[in-house]
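# Observations on the three-dimensional arrangement
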Amino acid sequence: MENIRIHILHCGRVCVSPYLPFGGKNCSKIKVAGITTRKRDRLWLPVSAYLIECPKGKILVDTGWSREMSPEGVYDRKAQIRHMSLRLYIVNQGEIAKGKAVHEQLHLLGIEPKDLDYVLLTHLDCDHASGVWQVREAKHILVSEDEMVCAKKDKIRYTASMWKGVSLEGFAFKRTGIGPVGKSYDLFGDGAIQLVNIPGHSDGMFAVQITNNLGQYVLLYSDGGYASKSWQQLICSGIATDREKQYRSLEWISEISGSKNCLESIANHDPDVIPHTIQL
């Protein structure tokens, strides 16, 4: 559990209604979709992925936008609709500059997709799984079984064509007493990388808690909140499969993010987080 490095990468941007990230418990679907939101009031937020380098391997968490979203590195409406469907385009437009797709950034770090031991998809929303085809040569691509079931049920929210032909491996959370619902998955069996189930935004979503041998940790909490203010002020996002579990997950994020052992706590779309490397 020594010499762990975590690279925070921004793999494009997403444009959404402000109610999607910060709508709170009682937000309506119309507000989340941005149908009544003026264009100038929409928010551009980063879309993140994370590379973890540790003694037991190289792990990528989420994949950001695919190059297919912006073939020329600029906003491309037609390309986005082809890639993720018109229904998702209405909710979240995106763009990814040249050189910023996850496989392009990994290449600059001297890493090719085949060098990755694991790709961890925290959940299967488009801005987290869009780029998975680009890293399909990784040794293992993991997603929780609960999330796979969720994606099969909801054909509106999820676009299965994004991972068509990719060998996804499902894993089952175990009853460990860790996290808001007491379920997690220990990737290496040594406590260094825990995939902690934080349901609510989606059924099978997980946070990644990376811990060193001193008990210090970094928390990557995916869409359990959209910024630090989410857990500091307990502001839920507008999208939820279970509001009660979503709030409970946010309370857990708030609790462990405030611990003296927490070195950094990072949301996937926090506009205040800039790309950097954490030495843990």
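Structure report, in brief.

Calculation rules
Residues numbered from 1 in each chain as written. Predicted model: local features only at pLDDT ≥ 70, side-chain atom pairs only at ≥ 80, totals over all residues. Heavy atoms only, no water. Helix = DSSP H or I, 4+ residues; strand = E, 2+ residues; numbered from the N terminus. Rg over C-alpha atoms; globule rule 2.2 N^0.38 Å. Buried < 20%, exposed > 50% of the residue type's maximum accessible area, 1.4 Å probe, protein only. Contact = heavy atoms within 4.5 Å. Areas by Shrake-Rupley, 256 points an atom, 1.4 Å probe, with all protein chains shown as cover. Lys, Arg positive; Asp, Glu negative; His and termini not counted. Charge placed at Lys NZ, Arg CZ, Asp CG, Glu CD. Salt bridge = Lys/Arg side-chain N within 4 Å of Asp/Glu carboxyl O. Pairing = 2+ DSSP bridges. Axes fitted to C-alpha atoms, helices over the stretch in contact; angles between N-to-C directions.

### Focus on the overall build of the protein
Tallying secondary structure elements over the protein gives 9 helices and 14 strands in all. In terms of overall size, the protein behaves like a compact globule, its C-alpha atoms giving a radius of gyration of 17 Å where 280 residues would be expected to give roughly 19 Å. On the principal axes, the C-alpha backbone points of the protein span a range of 50 × 40 × 35 Å. Here the protein holds 280 residues, and the buried ones make up 57% of them. Sequence-distant contacts, at least 24 apart, represent 68% of the contacts inside the protein between residues at least 6 apart. Put simply, the protein shows about 12,200 Å² of open surface, and 50% of that area lies on carbon and sulfur atoms. Counting 34 positive and 31 negative side-chain charges, the protein places the averaged centre of each group 6 Å from the other.

### Section: the pattern of salt bridges
According to the stated counting rule, one finds 9 salt bridges in the structure shown. In this structure, the salt-bridge partner of D117 is K139, at a minimum N-O distance of 4.0 Å. Placement of D117 in the loop between α5 (102–108) and β5 (118–120) and of K139 in the loop between α6 (126–129) and β6 (141–144) is noted, with a sequence separation of 22 residues between them. Here K139 falls in the partly exposed class, since its relative accessible area comes to 47%.

### Re the pairing of strand β3 (residues 57–61)
Taken across its 5 residues, β3 has 4 buried, putting it largely inside the fold. Judged from the 5 bridges that link them, strand β2 (residues 43–54) and β3 form a sheet pairing that is antiparallel. Residue pairing in the sheet places E53 in a bridge with K58 of β3.

### Observations concerning unusual backbone geometry
If you check the backbone angles, S85 has positive phi at about 90 degrees while not being a glycine. For S85, a relative accessible area of 16% corresponds to the buried category. Within the chain, L234 stands out as a residue other than glycine whose phi angle is a positive 55 degrees. Relative to the assigned elements, L234 resides in the loop between α8 (228–233) and α9 (243–257). Residue classification places L234 among the partly exposed positions, given a relative accessible area of 28%.

### A word on the sheet that holds strand β13 (residues 262–266)
With mixed pairing, the 6 strands of this open sheet are ordered in space as β8-β9-β10-β11-β12-β13. A strand with exactly one partner marks an edge of an open sheet, and here the two such strands are β8 (174–175) and β13. Bridge count for strand β11 (residues 206–211) against strand β12 (residues 217–220) is 4 bridges, and the pairing is antiparallel. The residue of β12 that forms the bridge with V208 is L220. Across the sheet, α9 touches β10 (193–197), β11, β12 and β13, and the angle it forms with β12 is around 155 degrees.

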